[in-house]
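Spelled out from the first residue to the last, the chains are:
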Amino acid sequence: MSSIIEELQSTVKKLLEDGTVGYVIGWGATRFPDRTTPVFITRPEDAHKLVWNHYCVNGTAKYALDDRYPEKKIGIIIRGCDSRAVNRMIQDNQLKRENLYLIGIPCDGKENPVCEGCQHKNPLVYDVLIGTPVEEKINPDRFKEVAEFEKLSQDEKYEYWAKQYDKCIHCYACRNVCPACNCKECYADQYRVGWQGKQNNRNSNQVYGLTRAFHVGDRCIECGECERVCPMGLPIMRQTKKMLKDINDLFGDYECGLNDSRPHVLGEFDLQDRDEFM
Amino acid sequence: MSRIGVFVCHCGTNIAGTVDVARVAEAMKAEPGVVFATDYKYMCSEPGQQMVKDMIKEHKLDRIVICSCTPRMHENTFRKMLKDTDVNPYMLEIANIREQCSWVHTDKEKATEKAIALARMAVAKVGRDFPLFTSTIPIHKKALVIGGGIAGIQAALDIADAGYQVTLLEREPSIGGRMVMLDKTFPTLDCSACISTPKMVEVSAHPNIELRTSCELEDVSGYVGNFEVTIRQKARYVNHDICTGCGLCETKCPTKVISEFNQGMSERRAIYKSFAQAVPAKPVIDPDHCRKLQEGKCGVCQAVCPLKAINFEDKDTTFTDTYGAIIVSTGYQLIQWQDLYPEYGGGRFKDVISGLQFERLVNASGPTEGHILRPSDQTEPKDVVIVKCVGSRDPKKGKSYCSRACCMYAAKHAHQILEKIPDSNVYVFYMDVRTPGKGYEEFYDRTRKDGANYIRGRVAKIYKEGGRLICRGEDSLLGRQVTVEADLVILETAMVPADGIGEVVHKLGIAMDADGWVQEAHPKLRPVETQTAGVYLAGTCQGPKDIPDTVAQASAAAAKVCGLFSKSEMETSPMTSKVDQSKCCGCGHCEVCCPYKAITLVEIDDREGPKKIRRTVASVNSGLCQGCGCCAAACRTGAIDLLGFTNDQILREVDALCQ
């Protein structure tokens with residue numbers, strides 16, 4: 001681990017020194033040994049502040065969206081999930097690959113339950129790789145939880161989600177952290193048309209939940225950030241997983257954020273599409 | 001504050017019979033912004049329209065709601081009416097309380113409640129309506145006709161005769177389509193070739209028609225009045241500018257290939273003309289079978305051609321032209337019955353043939369010079385079984401629809417056999433006999449009097465015993481099994497859309513139904529138009545039909561094109577999509593889902609804080625946009641609005657409904 005940190009720090013230092021990047025997004029230490037925080041390293045002499053440990057849980061890629069037109073390349077330290085987030089935002093026309101310098105690190109899982117089912121531990125795309133690739137496994141239980149949940153009756157499912165969304169406080173943390181939520185101006189912030197009720201009640205909470213799920217469902221990269229950041233503990237990813245499961249059942253193997261340019265299925269028009277619902 | 005008028009139509013008893021129209025009008029008076037509401041017997045009638053105009057004046061209305069039939073029916077009527085008033089024609093909403101209410105309900109109380117809810121939605125929406133204005137686009141007065149069968153030929157001739165330029169596109173080496181393969185046409189028994197080949201010649205000689213054979217549609221962009229069409233000219237390996245069609249090459253070509261034109265019952269050469277009267281009357285080389293092109297040896301045709309018209313180096317070329325209108329007349333083919341009906345031998349028995357094969361057998365220019373001979377041993381059949389509805393009206397194995405023409409040509413086939421072969425017996429297995437058409441029933445009657453035996457029932461199995469074909473089936477009128485021994489069996493098979501129709505439809509941005517037939521804009525009121533403005537339909541690409549109907553539809557499509565071309569500019573609907581570029585994030589999802597290719601991503605100059613940037617956003621070509629609203633639905637940001645159906649207007653409707 002320590003050699004990886006050294007290699008990481010020296011790589012970042014060099015990139016900043018030679019001016020390849022304007023700054024680097026990574027993880028830094030906090031007051032607590034079991035917490036890290038995203039850091040933006042702008043000076044070579046600060047490179048030593050970067051850490052790499054079991055607690056580097058935050059996604060790093062989404063921050064690049066705040067700087068869509070950078071003067072120099074943005075350096076991002078990416079794990080497998082972050083690389084899919086980068087792909088997501090490039091495929092959605094929100095970032096340009098040439099504006100990014102990707103420092104990949106193979107990741108063996110962090111202090112985050114979502115890492116257990118990770119199928120892409122190694123970065124799918126990078127400019128430089130720190131460390132050596134780790135072994136990846138297909139997760140046979142990718143949709144196990146959803147399959148179990150599907151067995152409930154419609155009323156039971158409704159009751160479950162109604163109770164969950166009764167807890168939602170409209171903090172929009174799940175949206176802010178999601179790499180698929182990359183609109184310039186979110187529908188939920190548009191008060192004139194009135195898409196999204198601002199009241200905290202069952203109706204507007206559920207409208208938010210459903211709309212969010214449909215807006216990102218077919219583009220979800222399964223990083224689980226939405227669920228990690230939810231202060232009320234809503235099982236948010238279960239919604240997008242359900243959509244991904246349906247897409248897999250209907251259209252065959254489907255995973256987002258990989259290195260292919262396959263259009264997202266729900267926005268694509270193909271004469272060969274299944275249309276038995278017509 | 002808006003001043004809304006609500007006009008509730010009785011539509012005779014169509015609406016008033018099920019909906020308490022007076023109560024609907026009364027309820028609307030209480031809605032915010034409504035200053036006048038009334039009901040009337042026929043709102044679309046002259047006095048009805050006059051009443052609306054008078055009330056607009058009297059009450060200073062600035063927008064109106066008509067509660068009546070579907071907007072597909074009379075929205076345009078009322079828009080036209082508004083042109084005579086001070087109210088913008090787009091400050092109008094139609095609440096459909098007929099098709100979506102009175103016609104589908106019986107409980108008057110509940111239907112009235114629903115009508116009130118529908119009217120309330122329209123009132124809520126009209127309150128958010130804003131004036132829209134049409135614009136005009138120039139029209140390029142040249143038409144493209146895709147498919148050179150009788151439909152395409154007729155349409156091209158009609159347009160050309162009206163004085164406009166036409167390009168007729170045909171993927172085969174000759175025009176003529178299916179009609180020219182037929183022997184005689186029912187019910188008058190005109191010789192099919194005698195009435196279609198003169199039209200083919202007329203096409204090739206017409207100064208306003210550019211004939212393009214061996215050509216396929218490559219790409220279409222643009223919009224009504226201004227389609228940019230790229231056409232692929234397939235390599236013919238014969239320079240038609242030089243070739244005189246002397247035919248010497250054909251006689252010397254050593255390669256024999258099964259003739260498509262004669263339905264596999266004779267042979268042609270690798271350099272060939274499809275048939276004697278082909279237009280253009282010049283040969284092409286079939287590259288899949290030509291020895292020179294496949295193996296590099298031979299080249300006899302090149303050696304014998306006195307004009308050196310053969311060019312083995314010929315390549316596919318493409319060219320692009322601008323057209324104001326497009327007619328689709330791609331026609332039909334027969335269903336591949338061999339794969340679907342193994343019980344009829346699945347193609348193993350040579351003497352079980354399709355109706356089109358029989359047409360070639362009985363045709364004087366066909367493989368047997370008009371003598372009806374069995375393909376297996378070239379003997380004259382005495383007992384002939386005709387099986388109708390093979391693939392038609394059979395949802396389990398084939399198609400659920402009726403192919404329309406088969407009853408009549410089955411009768412014609414029966415008549416021809418009885419006429420040409422003395423002492424012959426013809427048995428026609430049928431489900432129903434459908435003869436709606438001028439002189440059709442009389443023709444069918446005549447055939448029965450000629451001696452054709454009509455047996456009501458399906459043939460369950462055909463097998464071979466000795467040299468004969470045993471047809472076992474049911475006579476459902478007598479309720480017993482029948483077995484007929486036959487020398488020849490003719491299957492009258494279903495019509496299906498021509499191969500490749502899906503690609504043509506996709507390129508043109510028009511729609512197909514579940515069976516692959518091209519979808520008309522409205523089955524009754526706009527039968528030759530498509531949902532894409534400027535694209536029209538003719539003939540069997542739209543659905544099975546016989547020759548008179550095909551020709552009539554072709555002329556109708558031509559009339560539509562001529563109507564379009566009679567003006568130099570046309571009005572476009574202002575109900576198109578509009579992008580709010582300040583919200584647009586340039587994700588491009590709208591571009592992917594637009595069926596009309598009306599959306600492109602463009603770069604604009606913008607600022608981000610103090611920084612000058614170039615940003616990608618979506619842009620709508622309003623000439624191409626048909627106002628379907630797919631993009632507006634796909635836009636997560638809500639940056640796209642469909643004018644006339646803005647997000648705001650629709651949300652007001654939903655709010656009104658949920659009150």
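Small disclaimer: the values here were computed from a predicted structure and weren't measured.

### Things to note about the pairing of strand 32 (residues 599-608) of chain B
Two faces make up the sheet, and in a regular strand the side chains alternate between them.
Residues and elements named next belong to chain B.
Then step 1. In the sheet, strand 32 pairs with strand 33 (residues 611-620) via 10 bridges, with the strands oriented antiparallel. If you follow valine 602 over to strand 33, its bridge partner there is valine 617.
Then step 2. A loop of 2 residues connects strand 32 with strand 33, the two strands running antiparallel in sequence, and glycine 609 in this loop sits at a positive phi of about 60°.

### Some points on the sheet that holds strand 6 (residues 142-146) of chain B
Residue and element names in this part refer to chain B.
Then step 1. Read across the sheet, 5 strands follow the order 10-7-6-18-29 without closing on themselves; strand pairing throughout is parallel. Only two strands of the sheet have a single partner each, and these edge strands are strand 10 (209-212) and strand 29 (535-537). In this sheet, adjacent strand axes meet at a mean angle of 20° when their direction is disregarded.
Then step 2. Where strand 7 (residues 165-169) and strand 10 come together, 4 bridges link them in parallel fashion. Counterpart to leucine 168 in the pairing with strand 10 is leucine 211.
Then step 3. Strands in contact with helix 5 (residues 150-161) are strand 6, strand 7, strand 10 and strand 18 (325-328); relative to strand 7, the strand with the most contacts, it is inclined by about 165°.

### Observations regarding unusual backbone geometry
Then step 1. In the segment running from Phe186(B) into Pro187(B), the intervening peptide bond is cis, with an omega of -10°.
Then step 2. A cis amide bond links Val279(B) with the next residue in sequence, Pro280(B), at an omega value of 0°.
Then step 3. With respect to the helices and strands, Pro280(B) occurs in the loop between strand 15 (271-272) and strand 16 (284-285).
Then step 4. In this model, Asn93(A) sits at a positive phi of 65°, which is unusual for a non-glycine residue.
Then step 5. Here Asn93(A) is to be found in the loop between helix 2 (80-91) and strand 4 (100-104).
Then step 6. Phi at Cys389(B) takes a positive value of approximately 55°, unusual for a residue other than glycine.
Then step 7. Tracing the backbone through its elements, the reader meets Cys389(B) in strand 21 (residues 383-390).
Then step 8. Cys389(B) sits in the buried class, given a relative accessible area of 8%.

### Some remarks on the domain arrangement of chain A
All names here are of chain A.
Then step 1. Examined at the domain level, chain A breaks down into domain 1 (2-129) and domain 2 (144-267).
Then step 2. On a C-alpha basis, the centroid separation for the pair domain 1 and domain 2 is 25 Å.
Then step 3. In this assembly, 21 residues from domain 1 lie in contact with 24 residues from domain 2.
Then step 4. Taken together, domain 1 and domain 2 are joined by 3 salt bridges.
Then step 5. Here arginine 84 ties to glutamate 255 by a salt bridge, and the two come within 3.9 Å at their closest N and O atoms.
Then step 6. Run the count over domain 1 and domain 2 and you get 18 residue pairs in polar contact (both at pLDDT 80 or more).
Then step 7. Grouping the amino acids of the side of domain 1 that touches domain 2 by side-chain chemistry returns 8 nonpolar, 8 polar and 5 charged.

### Quick word on helix 2 (residues 46-58) of chain B
Residue and element names in this part refer to chain B.
Then step 1. Its 13 residues place the ends of helix 2 18 Å apart at the C-alpha level, agreeing with the 18 Å of an ideal helix rising 1.5 Å per residue.
Then step 2. Residues of helix 2 that are buried sit in contact with strand 1 (4-9), strand 2 (34-40), strand 3 (63-68) and helix 3 (71-82).
Then step 3. Looking one or two places after helix 2, you find lysine 60, whose phi comes out positive at around 50°.

### Digging into the side chain of His74(B)
Residue and element names in this part refer to chain B.
Then step 1. Within the fold, histidine 74 resides in helix 3.
Then step 2. Overall, the relative accessible area of 19% leaves histidine 74 in the buried class.
Then step 3. Looking at histidine 74, its side chain comes within polar contact range of the side chain of threonine 77, at 2.8 Å.
Then step 4. Apart from the residues lying within four places of it in its own chain, the contact partners of histidine 74 are Cys44 and Cys69.

### A short note on the interface of chain A and chain B
Then step 1. Contacts between the two partners involve 26 residues from chain A and, on the opposite side, 25 residues from chain B.
Then step 2. With both chains or domains summed, chain A and chain B bury close to 2200 Å², and 54% of this area falls on carbon and sulfur atoms.
Then step 3. Residue Lys611(B) pairs with Asp67(A) through a salt bridge whose shortest N-O separation is 4.0 Å.
Then step 4. Viewed at the interface, chain B and chain A are joined by 7 residue pairs in polar contact (both at pLDDT 80 or more).
Then step 5. Considered class by class, the residues forming the side of chain A that touches chain B number 9 nonpolar, 8 polar and 9 charged.

Rules and cut-offs
- Residues numbered from 1 in each chain as written.
- Chains lettered and ligands numbered in written order.
- Predicted model: local features only at pLDDT ≥ 70, side-chain atom pairs only at ≥ 80, totals over all residues.
- Heavy atoms only, no water.
- Pairing = 2+ DSSP bridges.
- Helix = DSSP H or I, 4+ residues; strand = E, 2+ residues; numbered from the N terminus.
- Axes fitted to C-alpha atoms, helices over the stretch in contact; angles between N-to-C directions.
- Contact = heavy atoms within 4.5 Å.
- Buried < 20%, exposed > 50% of the residue type's maximum accessible area, 1.4 Å probe, protein only.
- Domains from an automatic or database assignment.
- Salt bridge = Lys/Arg side-chain N within 4 Å of Asp/Glu carboxyl O.
- Polar contact = N/O pair within 3.5 Å; in protein donor to acceptor, adjacent residues only side chain to side chain.
- Nonpolar A, V, L, I, M, F, W, Y, C, P; charged D, E, K, R; others polar.
- Expected span 1.5 Å × (residues − 1).
- Buried area = accessible area lost by both parts, 1.4 Å probe.

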